[in-house]
Amino acid sequence: MSSLPAREIPGESGHPFFGPIKDRFSYFYTQGELIYFTARMEKYKSTVFRCNMPPGPFLARNSSVVCLLDAVSFPTLFDTSKVEKLDVLDGTFVPSTDYTGGYRTCAYLDPSEPNHSILKGFYISLLSRMHDKFIPLFRHTMSGLLSGLESEVSSKGSSYFNDLNDSMSFEFVFRLLCDKNPSDIKNVGSKGPKMMDLWLFGQLSPLMSLGLKFVPNCIEDIFLHTFALPFFLMKSDYNKLYDAFHKFAGPILDEAEKLGIKRDEACHNLVFLAGFNAYGGMKAMFPALMKWVGSGGADLHRRLAAEVRGLVKEKGVTLASLNEMTLTKSVVYEALRIEPPVPYQYGKAKSDFEIQNHESSFLIKKGEMLFGYQPIVTKDPLIFDNPDEFVADRFVGEAEKLIKYVYWSNGRETDDPTAGNKQCPAKDLVVLLGRLMLVDFFLKFDSFEVETGKVLLGSAVTFKSLTKPSDSDSNGNGNGNGNGNDS
């Protein structure tokens, strides 16, 4: 039993029909996402409280959740002995399986379901087999992004990073899994990112607001949050993507069949892994990374460039040299902390149990839906100093132990994904790619300036200037002296 004082969970969900609609309007239109939570934290003087989460009627049968908005209570959502992860990826509603070929993909399965361990183990082994490809392939696709960035800033005076990043991310994922340039694939070509975007939008639209000033809120609310978008609007594009993966990811699908996974099911899971998990994650993470590095200004850029160029000149671009770039690594962790690419986590209580925050203990009842909003949780002021500030060296030296409070991967950063948990199987790859993006950027440029805003999935970043090093100042030619393999 906890030594903390017991407290009734504050808050309420209101009328089962009108309460969720009222809260939905507050969430999207009158308060906005962040204030929706912080106002309730202040009202109830608690980081644990009850409320409703979108979308509500008619897409969700029960919108009521218990919010866990501190670094102590939030990890309960990772404990699959206490919470069930069955169909909770998107919260209180589940998109139609039409979007995934009629299958519940691995992300929607609870670890207790037999297919989960088979599919998750398959993902982990797949990534393990491909580890030698990560560095050279990502650097190859990054070279195109950086060339496009430089060209557009030079010719137009600015460059919208998100579009370049989407193209780079889709190319990297497709080349990694299919060993083909998507631009060479009939029916996909350069349209691949937009096709993925439409497929993602169809599934996640109940959790979004378009922010269109000329559309009344009540109209948007009806079309996005009240009824599901029919799959037939995205069916043609999805089928083209599925056909491309089915044709060119043959060796991967062969391995899946050896594990007893039906080829069709394996391919739909692979498209989901590529589009929802990988491309969707990169679409959100990389603009956020460059946004926050941009906010650090010329001094941070100078320090990053010095670290990157010094180690690349000595050791090349390898896993060994990347692991020695302590500031670069800290910057990536800090970006993942301050703007996690996956902001929400859900889990349904398997039984009655007690949880604690910093001040109190609370009784959770069996069947209650638990919810955590990471952009608040990972700014817990009792864990992090100046939690709302981007501190580039926050995780350098002894302070690196604080990465256990970085939760973006559906687990602690100090934990590892297994076939029996729900942690992102590509957790370490995501951190690696973030570091590689900074390495290749600062091998080519000294500094930059950006303007930032919001888009449906994260931050919008527009580059306004780029400063290149003089020949005498540059320690690297952008390629290092390594071939990208671990040394």
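To be clear, the structure that these remarks concern was listed above.
Reading guide: rules and limits
Residues numbered from 1 in each chain as written. Predicted model: local features only at pLDDT ≥ 70, side-chain atom pairs only at ≥ 80, totals over all residues. Heavy atoms only, no water. Pairing = 2+ DSSP bridges. Helix = DSSP H or I, 4+ residues; strand = E, 2+ residues; numbered from the N terminus. Salt bridge = Lys/Arg side-chain N within 4 Å of Asp/Glu carboxyl O. Expected span 1.5 Å × (residues − 1). Buried < 20%, exposed > 50% of the residue type's maximum accessible area, 1.4 Å probe, protein only. Polar contact = N/O pair within 3.5 Å; in protein donor to acceptor, adjacent residues only side chain to side chain. Contact = heavy atoms within 4.5 Å. Disulfide = S-S within 2.5 Å. Patch = residues over 30% accessible without salt bridge, like charges linked within 9 Å, V, L, I, M, F, W, Y side chains within 5 Å. Areas by Shrake-Rupley, 256 points an atom, 1.4 Å probe, with all protein chains shown as cover. Core = buried A, V, L, I, M, F, W, Y, C linked by side-chain atoms within 4.5 Å. Phe/Tyr/Trp six-rings, centres within 6.5 Å; stacked < 30°, edge-to-face > 60°. Lys NZ or Arg CZ within 6 Å of the ring centre and 35° of its normal.

### Overview of the sheet that holds strand 8 (residues 369-373)
Read across the sheet, five strands follow the order 1-2-8-5-3 without closing on themselves; strand pairing throughout is mixed. The open sheet has two free edges, formed respectively by strand 1 (48-52) and strand 3 (83-84), since each of these has just one partner strand.

### Focus on the pattern of salt bridges
Tallied over the full model, the rule gives 27 salt bridges. Residue glutamate 257 pairs with arginine 263 through a salt bridge whose shortest N-O separation is 2.8 Å. Glutamate 334 serves as the salt-bridge partner of arginine 394, at 3.0 Å between the closest nitrogen and oxygen. With arginine 394 in the loop between helix 14 (374-377) and helix 15 (427-444) and glutamate 334 in helix 13 (residues 326-338), this pair connects stretches of sequence that are 60 residues apart. The network of salt bridges with common partners includes Asp87, Arg104 and Glu113.

### Some points on helix 15
Helix length check: helix 15, at 18 residues, gives a terminal C-alpha distance of 27 Å against a target of 26 Å (1.5 Å per residue), a fit within 8%. Across the 18 residues of helix 15, 16 count as buried, placing the element largely inside the fold.

### Looking at the side chain of aspartate 197
Among the structural elements, aspartate 197 can be located in helix 6 (residues 192-204). Under the relative-accessibility criterion, aspartate 197 is labelled buried at 18%. Engagement of the side chain of aspartate 197 in a polar contact is seen with the side chain of tyrosine 279, the distance being 2.8 Å. With sequence-adjacent residues up to four places away left out, aspartate 197 is seen in contact with Asp166, Tyr279 and Lys283.

### Some points on unusual backbone geometry
For the peptide bond that leads from proline 54 to proline 55, omega is 10°, which places it in the cis range. Among the secondary structure elements, proline 55 is positioned in the loop between strand 1 and strand 2 (64-68). Following proline 57, the chain continues to phenylalanine 58 via a peptide bond in cis, the omega torsion being 5°. Mapped onto the fold, phenylalanine 58 is located in the loop between strand 1 and strand 2.

### Details of the pairing of strand 9 (residues 447-455)
Note: strand 9 against strand 10 (residues 458-467), nine bridges, orientation antiparallel. Counterpart to lysine 454 in the pairing with strand 10 is serine 459. Linkage of strand 9 to strand 10, two consecutive antiparallel strands, is achieved through a turn of two residues.

### Examining the state of the cysteines
Under the counting rule described, the total for this entry stands at zero disulfides. Cysteine 51 supplies the cysteine sulfur nearest to cysteine 67, a cysteine that is in no disulfide, at a spacing of 3.4 Å.

### Some words on a nonpolar patch on the surface
Together, Phe17, Phe18, Phe58, Ile219, Ile222, Phe223 and Phe227 give the surface a local cluster of nonpolar side chains, amounting to about 740 Å² of exposed area. Top element by residues in the nonpolar patch is helix 7 (residues 217-226). It accounts for three residues. Accessibility expressed as a relative area gives 56% for phenylalanine 58, which makes it exposed.

### A look at the nonpolar core
Core analysis: the largest hydrophobic core is formed by 132 residues, its most contacted members being Phe138, Leu177, Phe245, Val331, Phe441 and Phe463. In terms of residue count, helix 10 (residues 263-295) provides more of this core than any other element does, 16 residues in total. Listed in part, the 18 residues of the second largest apolar core include Tyr29, Phe49, Met53 and Cys67.

### Side note on the pairing of strand 8
The element strand 8 is largely enclosed, with a buried count of five among its five residues. Side chains of strand 8 alternate between two faces, with Met369, Phe371 and Tyr373 and Leu370 and Gly372 buried alike. Two elements, strand 2 and strand 8, share two bridges in a ladder whose sense is parallel. For cysteine 67, the partnering residue across the bridge sits in strand 8 and is phenylalanine 371. As defined by bridge partners, strand 5 (residues 344-349) adjoins strand 8 across five bridges and the pair is classed as antiparallel. In the sheet register, tyrosine 346 faces strand 8, and the bridge partner there is phenylalanine 371.

### Here we look at the packing of aromatic side chains
Counted under the stated rule, the structure contains 41 aromatic pairs. Their ring planes at 70° and their centres at 6.0 Å tell us that phenylalanine 231 and tyrosine 238 sit as a pair that is edge-to-face. Geometrically, the ring pair formed by tyrosine 333 and phenylalanine 395 is edge-to-face, given 6.1 Å between the ring centres and 75° between the ring planes. One end of the pair, tyrosine 333, is in helix 13; the other, phenylalanine 395, is in the loop between helix 14 and helix 15, with 62 residues separating them in the sequence. Residues tyrosine 333 and phenylalanine 395 agree in their burial class; the two are buried. Every member of this aromatic cluster is reached through a ring pair, and the members are Phe25, Tyr27, Phe28, Tyr29, Tyr36, Phe37, Tyr344, Tyr346, Phe371 and Tyr373. Stacked on the ring of phenylalanine 384, the Lys or Arg arginine 337 has its end atom at 5.0 Å from the ring centre.

### Some points on the sheet that holds strand 9
Sheet architecture is open: three strands sit in the order 4-10-9, paired in antiparallel fashion. In this open sheet, the two edge strands, each paired with only one partner strand, are strand 4 (159-160) and strand 9. In this sheet, strand 10 lies alongside strand 4 in antiparallel orientation, the contact comprising two bridges. Of the residues in strand 10, the one forming a bridge with serine 159 is phenylalanine 463.

### Concerning the side chain of threonine 226
Mapped onto the elements of the fold, threonine 226 is located in helix 7. Each residue touching threonine 226, except ones within four places of it in the same chain, is listed here: Arg24, Pro57, Phe58, Leu59 and Asp221.

So, to be careful, I would describe these as geometric facts and stop short of saying anything about function.
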